[in-house]
Amino acid sequence: KKWCLPRISVVVSEPLGAGGSLGGPPLVAMVSCGTLRAGHEELHDQGLAGESTQRLNRTSGAQLEASFSSLLLQHTSFNCG
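Here's what I pulled together on the structure shown here. (Residues numbered from 1 in each chain as written. Predicted model: local features only at pLDDT ≥ 70, side-chain atom pairs only at ≥ 80, totals over all residues. Heavy atoms only, no water.)

### Some thoughts on the overall build of the chain
Piece 1. When helices and strands are tallied, the chain shows 0 helices and 9 strands.
Piece 2. Ordered by position in the sequence, the α and β elements of the chain form the string β-β-β-β-β-β-β-β-β.
Piece 3. A total of about 5900 Å² of accessible surface is found on the chain, and carbon and sulfur atoms cover 54% of it. (Helix = DSSP H or I, 4+ residues; strand = E, 2+ residues; numbered from the N terminus. Areas by Shrake-Rupley, 256 points an atom, 1.4 Å probe, with all protein chains shown as cover.)

Here it is in structure tokens:
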């Protein structure tokens, strides 16, 4: 598990007085990784192995959460771009 990322938790909280905007269609969280190359402003996706997209689940009235585990880097800095 040399290139395995630690568990990543994503929490989305609704501000007080927002009027229930988190009660609409299902929301998902997506984790990505990449490299920033010298002279370029955009992220060059290097990919992750594993479930990198998850539906956010309600954990309380105004909070949604997703947890990512066992994501593996497909490349190391030695062989990226």
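### Considering the sheet that holds strand β8 (residues 63-68)
Piece 1. An order of β1-β8-β7 is seen for the 3 strands of this open sheet, with the pairing classed as antiparallel. The open sheet has two free edges, formed respectively by β1 (8-13) and β7 (57-60), since each of these has just one partner strand. Taken over all neighbouring pairs, the strand axes of this sheet differ in orientation by 35 degrees on average, direction set aside.
Piece 2. As paired elements, β1 and β8 share 6 bridges and run antiparallel to each other. The partner of valine 10 across the bridge, within β8, is alanine 66. (Pairing = 2+ DSSP bridges. Axes fitted to C-alpha atoms, helices over the stretch in contact; angles between N-to-C directions.)

### Quick word on the pairing of β8
Piece 1. Only one face of β8 is covered, namely the one carrying Leu64, Ala66 and Phe68; the face carrying Gln63, Glu65 and Ser67 has none of its residues buried.
Piece 2. Across 3 bridges, the pairing between β7 and β8 is antiparallel. Within the sheet, the bridge partner assigned to asparagine 57 lies in β8 and is glutamate 65.
Piece 3. Once β7 ends, the chain turns through 2 residues before running back antiparallel as β8. (Buried < 20%, exposed > 50% of the residue type's maximum accessible area, 1.4 Å probe, protein only.)

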